[in-house]
Amino acid sequence: MTDESDFLADSFLDVLAVAGASSTYRRGTTSTTMTMVCRYQPSRWSELNGVWTEIRPVDFLVLSSAFPHDEPKAGDQIVYGGEPFTVLPTTSEKVFRKVIPSILRIHTKQTR
């Protein structure tokens with residue numbers, strides 16, 4: 001890693017210690033508990049047949065070494081603060097990206 005990547009990785013450990021929360025990552029019948037940081041984005045509203053639904057994009061940051069699979073997949077679920085979030089891509093991105101090699105950013109959506 002570069003010095004910048006080392007700095008970001010070390011800083012992220014501090015962020016996890018202060019702002020991270022225990023979360024459960026589910027795929028099929030398997031689940032793994034790990035510490036994640038959550039970032040809520042502005043909600044979007046969708047109307048279908050007169051029923052309005054709030055769709056809230058939420059990103060989760062997690063250490064790559066703590067992640068239990070090769071990569072996140074659409075349809076997986078994250079339970080954070082007792083609420084479920086479905087792993088789904090943003091408009092034109094994959095469901096995740098590596099911020100740096102040691103940190104994953106996972107895109108989810110919560111529908112209410």
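Refer to the structure presented above.
A few points on the structure. (Residues numbered from 1 in each chain as written. Predicted model: local features only at pLDDT ≥ 70, side-chain atom pairs only at ≥ 80, totals over all residues. Heavy atoms only, no water.)

The subject of this paragraph is the overall build of the protein. Within the protein, the regular secondary structure consists of one helix and eight strands. Across the protein, helices and strands are ordered from the amino to the carboxyl terminus as α-β-β-β-β-β-β-β-β. With the C-alpha coordinates of the protein rotated into their principal frame, the extents come out at 55 × 30 × 25 Å. Counting only residues that meet the buried cut, the protein has 36% of its 112 residues in that class. Across the protein, every contact between residues at least 6 apart in sequence was considered, and the portion connecting residues at least 24 apart equals 52%. For the protein, the accessible surface area stands at approximately 6,800 Å², while carbon and sulfur atoms represent 52% of it. Charge separation in the protein, taken as the distance between the mean sites of 12 positive and 13 negative side-chain charges, equals 7 Å. (Helix = DSSP H or I, 4+ residues; strand = E, 2+ residues; numbered from the N terminus. Buried < 20%, exposed > 50% of the residue type's maximum accessible area, 1.4 Å probe, protein only. Contact = heavy atoms within 4.5 Å. Areas by Shrake-Rupley, 256 points an atom, 1.4 Å probe, with all protein chains shown as cover. Lys, Arg positive; Asp, Glu negative; His and termini not counted. Charge placed at Lys NZ, Arg CZ, Asp CG, Glu CD.)

All told, the structure shown has two salt bridges when counted by the stated rule. When the shortest N-O distance is used, the salt bridge between Arg27 and Asp76 registers 2.7 Å. With Arg27 in strand S1 (residues 21–27) and Asp76 in the loop between strand S4 (51–63) and strand S5 (77–80), this residue pair connects regions lying 49 residues apart in the sequence. Take Arg27 and Asp76: they sit in the same class, and that class is buried. Between Asp59 and Arg105 there is a salt bridge, with the nearest N and O atoms lying 2.5 Å from each other. You can see Asp59 sitting in strand S4 and its partner Arg105 sitting in strand S8 (residues 103–111), a full 46 residues away along the chain. The exposure class of Asp59 is buried, given its relative accessible area of 3%. (Salt bridge = Lys/Arg side-chain N within 4 Å of Asp/Glu carboxyl O.)

Next up on the list: the packing of aromatic side chains. For the structure on display, the rule yields four aromatic pairs. Residues Phe60 and Phe85 carry aromatic rings whose centres are separated by 5.3 Å and whose planes lie at 75 degrees to one another, so their mutual orientation is edge-to-face. Pair noted here: Phe60 is in strand S4 and Phe85 is in strand S6 (residues 83–87), with a separation of 25 residues, a long-range link. You can call Phe85 buried: its relative accessible area is 0%. Aromatic ring contacts, followed pair by pair, group Tyr40, Phe60, Tyr80 and Phe85 into a single cluster. (Phe/Tyr/Trp six-rings, centres within 6.5 Å; stacked < 30°, edge-to-face > 60°.)

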